[in-house]
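Spelled out, the chains give:
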Amino acid sequence: MGSIEETPQVNLKTITKTLNDGTKMPILGLGTWQSKPKEVEEAVYHAICNSGYRHVDAAQIYGNQDEVGNGVNRALKDTGLKREDLWVTSKIWM
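Predicted, not measured: the structure shown is a model, and the values here were computed from it. (Residues numbered from 1 in each chain as written. Predicted model: local features only at pLDDT ≥ 70, side-chain atom pairs only at ≥ 80, totals over all residues. Heavy atoms only, no water.)

Student: Which residues make up the overall build of the protein, and what values do they have?
Tutor: Looking only at helices and strands, the protein has 2 helices and 5 strands in total. The N-to-C order of helical and strand elements in the protein reads β-β-β-α-β-α-β. Relative to its 94 residues, the protein shows a buried fraction of 23%. In the protein, 68% of the contacts between residues at least 6 apart in sequence involve partners at least 24 apart. Accessible surface computed for the protein: about 7,100 Å², of which carbon and sulfur atoms make up 52%. Averaging the coordinates of the 11 positive side-chain charges in the protein and doing the same for the 12 negative ones gives two points 2 Å apart. (Helix = DSSP H or I, 4+ residues; strand = E, 2+ residues; numbered from the N terminus. Buried < 20%, exposed > 50% of the residue type's maximum accessible area, 1.4 Å probe, protein only. Contact = heavy atoms within 4.5 Å. Areas by Shrake-Rupley, 256 points an atom, 1.4 Å probe, with all protein chains shown as cover. Lys, Arg positive; Asp, Glu negative; His and termini not counted. Charge placed at Lys NZ, Arg CZ, Asp CG, Glu CD.)

Right, dumping it as C-alpha cells:
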C-alpha cells in the first residue's frame, strides 16, 4: 500500500487579496446580515477573539451597527489588536 500524503491545512481567515492600492483584504469575513438582536455583538466578539476572523461585513441597513461596533471594540480591547488589524466592510443604501 502506498502512503497517504497529508494535505496542508489552509486557514482561510488569514488569506488576503491585495487590492490595487496595495491594501490587503481578508477574503473570508463574518457576515452580520439578519443577525439576531442581542446576539450579533457576541458573534462578532467570538469571531475576532476565538475564531481568528479579521474581516467583518456590515451595513447600515442591517440596523445592527451599534452591536457590531460594540463587539469589535470589546474584541480590540481584550485581544490587544489594533483597529487597522481588522477589515470592516460597510455599505450605505440611498
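The rest of the description comes next.
Student: Describe in detail the side chain of Glu-41, supporting the description with residues and values.
Tutor: For Glu-41, the position within the fold is in helix 1 (residues 40–49). Glu-41 has contacts with Glu-67, Asn-70, Gly-71 and Arg-74, leaving out every residue within four places of it along the chain.

Student: Please set out the sheet that holds strand 5 (residues 87–89) residue by residue, giving values where relevant.
Tutor: On the basis of which strands lie adjacent, the open sheet formed by 3 strands has the order 3-4-5 and parallel pairing. Edge positions in the sheet fall to strand 3 (30–31) and strand 5, since each has one partner strand and no second. For strand 4 (residues 55–57) and strand 5, the ladder comprises 3 bridges, and the chain directions are parallel. Each residue of the ladder has a partner; that of His-55, found in strand 5, is Trp-87. (Pairing = 2+ DSSP bridges.)

Student: Please provide a residue-by-residue account of the side chain of Asn-64, values included.
Tutor: If you trace the backbone, Asn-64 turns up in the loop between strand 4 and helix 2 (65–79). The buried category is assigned to Asn-64, whose relative accessible area is 6%. Aside from chain neighbours lying at most four places away, what touches Asn-64 is Thr-32, Ser-35, Val-40 and Ala-59.

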